[in-house]
Amino acid sequence: MDFLNANLLTILILLPIIGAVLTLAHQMFWKQESQLKWLTLGFTTLNFVVSLALFSKSAIAGPSGYFFEKNVPWIKAIGTNYHIGVDGLSFWLVILTTFIMPIAVLSTWHAVEKKRTAFYIFLLLLESAMIGVFVSLDLLVFYLFFEASLVPMFFLIGIWGGDNRIYAAVKFFIFTAFGSLLMLVAIIALFFLYADQTGLGGSFDLIAIMNAMKTGTLVIPPQTGTLLFLAFALAFAIKVPLFPFHTWLPDAHTEAPTAGSVILAAVLLKMGTYGLMRFNFGLFPDQSKEWAWLFIALAIVGIIYGALVAMVQPDVKRLVAYSSVAHMGFVILGMFSFTEAGMQGALYTMLSHGVTTGALFLLVGFIYERRHTREITAFGGLSNPMPIYATIFVITTMASIGLPFLNGFVGEFLIMVGMFQSQVLGITASVNWNVVATMFAGTGVIFAAVYLLWMVQRVFFGKVTVEKNKGLADLSWREIGLMIPLLFLMVYMGVFPKPFLARSESAIKAIQERVMHQAGGTVDHAEAKPPVSGDEHK
């Protein structure tokens, strides 16, 4: 058990890499491409099963208060450690990653027709990098994983994407890489600030830097702190993506293969919001409050803009892509409310968005395999030849809209309550700007119902308007099997959110306390409890 506590996260990172190496070796020596998908499915499924050990009641908090923590020297010359661990913020994101990957692999079962070996290798390497992002507690290690996740997705879009795949892949790469390089500059600046002020030599360790800030050993001048905050924030805002840095997302989603779109929506976008909560809020609490008004304003614009643009999209996949811009705007709104309800709602919406939007991209992929088009005008009356498909699509749409008793409702409701209760925007004699922001954001819920229900009406109801659609086959057992766990989570998370919220409660409270009450560089983890109890980060 001690071995598991010390090495579980490393195993989760390494298993997909081992799978990628074996996939390459299999192709080199046996040359049976038909078996590659089974090998990839096996490793992604095994990684999900292993990740369930994160629920272990025997988990013990490490010296920094994180669970399954490992901290060993890596590059001593520059003070870099291999420091990883999970708390309530990263716990569910790791589970979401390992859960989505087998589904993504199964979604491509009959769709990959070229360079299959490279395709499955990139999927496995991407999983490893994404897990590394969520568990890294060393800034340099985090940056390396953050950048490593960019490369496989670039090739997945650029090689196996649609007609405009090169344009979409290059745009995705340029946007993300630009923001990441600015973050690297900020990380290096923190390294030298720590070295100069502590006299202990430089360090990239997040916990060491925050502890130095807590004790007053490291004091970042306000102007310098603002520049560093903005450098981190820009990298994460592009990844979210937050308006007006969103323009790469619709192209990337539209051109990516189904598996790429599912992973991009379910996991990769969450790296941006996770980074803001973990690093911006943790390292720069003053600047986080100071600039909250800007992020709230951009979030509201993104919510409304994403919904209005989605409303006029002729392509189903592009419509779903713009809906992600609106949903992630809600996440940003909840985070920068700096209330427990809003921040809990933000994390919950990250999870529910991963499930529902991932499911929507799967469903779009299913119909594209049959008709090789995603134009809304090419459909109509699909509920007649494909009743099972139509039923599942409507349920998923309702979850995305935020229908009560489905997962989308819980997160958005908490965000609205949290923003309504927030004091971050201030209150004048006649106007409570927090309430005004909540009201504007609420229009996004109405618009979401408009563009999603209008799309459902045109695609599924009425008479079959295109002759080719009359003979379409309904979902296969494989496709139904893919959707069952996602449908289960949509209902379970909507009816019984307590287990999800309990696990993240203490971590969210710690981050909120850090920002709103200037708790210094870190929080006291001495009373941390295993994540299974929901009190994992006190």
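About the thresholds
Residues numbered from 1 in each chain as written. Predicted model: local features only at pLDDT ≥ 70, side-chain atom pairs only at ≥ 80, totals over all residues. Heavy atoms only, no water. Helix = DSSP H or I, 4+ residues; strand = E, 2+ residues; numbered from the N terminus. Contact = heavy atoms within 4.5 Å. 1 Å grid on protein atoms, 1.4 Å probe; cavity = no way out; pocket = protein on both sides within 12 Å on 5 of 7 lines; lining within 4 Å. Points joined across faces, edges and corners; volume = space filled by probe spheres on them. Nonpolar A, V, L, I, M, F, W, Y, C, P; charged D, E, K, R; others polar. Expected span 1.5 Å × (residues − 1). Bend = angle between axes of the 7 residues up to and from the residue. Buried < 20%, exposed > 50% of the residue type's maximum accessible area, 1.4 Å probe, protein only. Phe/Tyr/Trp six-rings, centres within 6.5 Å; stacked < 30°, edge-to-face > 60°. Patch = residues over 30% accessible without salt bridge, like charges linked within 9 Å, V, L, I, M, F, W, Y side chains within 5 Å. Areas by Shrake-Rupley, 256 points an atom, 1.4 Å probe, with all protein chains shown as cover. Salt bridge = Lys/Arg side-chain N within 4 Å of Asp/Glu carboxyl O. Pairing = 2+ DSSP bridges. pLDDT = per-residue confidence, 0-100. Axes fitted to C-alpha atoms, helices over the stretch in contact; angles between N-to-C directions. Parallel < 35°, antiparallel > 145°, perpendicular 65-115°, else oblique. Left-handed = near helix turned anticlockwise from the far one by under 90°. Core = buried A, V, L, I, M, F, W, Y, C linked by side-chain atoms within 4.5 Å.

> Lay out the side chain of Asn47 with the relevant residues and their values.
Structurally, the position occupied by Asn47 is in helix H2 (residues 36-51). Contact partners of Asn47, with chain neighbours within four places excluded, come to Ile11, Leu12, Leu15, Pro16, Thr98, Glu127 and Ile131.

> Describe the layout of surface pockets, and please don't skip the residues or the numbers.
The calculated volume of the largest pocket comes to roughly 760 Å³. Lining the largest pocket we find 29 residues, and of these Ala111, Trp160, Gly161, Pro257 and Tyr368 sit closest to its centre. Of all the secondary-structure elements, those providing two or more residues to the lining of the largest pocket are helix H6 (150-160), helix H10 (248-255) and helix H15 (340-371). A total of five residues in the lining of the largest pocket trace back to one element, the largest contributor, which is H15. Residues that form the lining of the largest pocket fall into these classes: ten nonpolar, ten polar and nine charged.

> With reference to specific residues and values, describe helix H20 (residues 498-516).
Given a rise of 1.5 Å per residue, 19 residues ought to cover 27 Å, and the 25 Å separating the end C-alpha atoms of H20 matches this to within 8%. Most pronounced at Glu505, the bend in H20 amounts to some 45°. Within H20 the residues assigned to the buried category are Phe500, Leu501, Arg503, Ser504, Ser506, Ala507, Ile508, Ala510, Ile511, Arg514 and Val515.

> I'd love a proper account of unusual backbone geometry, names of residues and values included.
Residues Val240 and Pro241 are joined by a peptide bond in cis, for which omega reads -5°. For Pro241, the location among the structural elements is in the loop between helix H9 (222-239) and H10. That bond from Phe243 to Pro244 is cis: its omega, 10°, falls within 30 degrees of zero. With a phi angle near 45°, Lys115 is a residue other than glycine that sits in the positive phi range. Checked against the element boundaries, Lys115 lands in the loop between helix H3 (88-107) and helix H4 (116-135). Residue Lys115 is classed as exposed on the basis of its relative accessible area of 53%. We note that His372 has phi near 55°; this positive angle belongs to a residue other than glycine. By the element assignment, His372 lies in the loop between H15 and helix H16 (387-401). For His372, a relative accessible area of 58% puts it in the exposed group.

> Give a description of the packing of aromatic side chains that names residues and reports values.
What the rule picks out here adds up to 39 aromatic pairs. With centroids separated by 4.7 Å and ring planes inclined at 35°, the aromatic side chains of Trp92 and Phe500 adopt a geometry described as tilted. Here Trp92, found in helix H3, pairs with Phe500, found in helix H20; they are 408 residues apart in sequence, far enough to count as distant. Phe500 matches Trp92 in its accessibility class, with the two residues each being buried. Arranged with centres 5.4 Å apart and planes meeting at 20°, the rings of Phe409 and Phe413 form a pair that is stacked.

> Can you explain a nonpolar patch on the surface? Please cite residues and give values.
Residues Leu14, Ile17, Ile18, Val21, Leu22 and Leu125 make up a contiguous nonpolar surface patch of roughly 460 Å² in combined accessible area. When residues in the nonpolar patch are grouped by element, the largest group, five residues, is from helix H1 (residues 2-29). Examined against the element boundaries, Ile18 turns out to sit in helix H1.

> Account for the pairing of strand S2 (residues 80-86), naming residues and giving values.
Of all seven residues that make up S2, six are buried, and the element is covered over most of its length. Pairing between strand S1 (residues 67-75) and S2: six bridges, direction antiparallel. From the neighbouring strand, Pro73 faces S2, where its bridge partner is Asn81. Hairpin connection of S1 to S2: four residues between the antiparallel strands, including Gly79 at a positive phi of 70°.

> Report on the confidence of the model for the protein chain, specifying residues and quantitative values.
Looking at the protein chain as a whole, its pLDDT mean stands at 89, while 94% of the residues score no less than 70. Across residues 519-530 the pLDDT falls below 50, and counting only partners more than four positions away or on other chains, this stretch makes 41 contacts in the model. Confidence over residues 532-538 falls short of pLDDT 50; this stretch has 39 contacts with residues more than four positions distant or in other chains.

> Tell me about the packing of helix H13 (residues 292-311) against helix H14 (residues 316-335), residues and numbers included.
Think of two packed helices as two axes; the pair is described by the angle between the axes and how far apart they sit. At a minimum axis distance of 8 Å, the contact between H13 and H14 shows a crossing angle of 160°. Regarding the angle of H13 to H14, the classification is roughly antiparallel. For H13 against H14, the interelement crossing comes out left-handed. Facing Phe295, Ile296, Ala299, Ile300, Gly302, Ile303, Tyr305, Gly306, Ala307, Val309 and Ala310 of H13, the residues of H14 in contact are Leu319, Tyr322, Ser323, Val325, Ala326, Gly329, Phe330, Ile332 and Leu333. Broken down by class, the residue content of the contact of H13 with H14 amounts to 16 nonpolar, four polar and no charged.

> Residues and numbers for the packing of H16 against helix H18 (residues 433-460), please.
Two numbers describe how H16 lies on H18: the axes approach to 9 Å, and their chain directions differ by 170°. In terms of orientation, H16 and H18 fall into the roughly antiparallel class. Contacts between H16 and H18 involve Tyr389, Ala390, Phe393, Val394, Thr397, Met398, Ser400 and Ile401 from the former and Val445, Ala448, Ala449, Leu452, Leu453, Met455, Val456 and Phe460 from the latter.

> Requested: an account of the nonpolar core, with residues and values cited.
If you look at the biggest cluster of nonpolar residues, it comprises 187 residues, and the most contacted ones within it are Leu54, Phe232, Leu283, Met335, Phe336 and Leu486. Ala20, Phe43, Ile121 and Leu124 belong to the second largest nonpolar core, which has five residues in total.

> So what's going on with the pattern of salt bridges? Which residues, and what values?
For the structure on display, the rule yields eight salt bridges. A salt bridge links Lys470 to Glu467, with the shortest nitrogen-to-oxygen separation between them at 3.3 Å. For Lys509, the salt bridge is made with Glu505, and the minimal N-O distance between the two is 3.1 Å. Of the two residues, Lys509 and Glu505 are both situated in helix H20; the distance of four residues between them amounts to about one turn of the helix. Given a relative accessible area of 27%, Glu505 falls into the partly exposed group.

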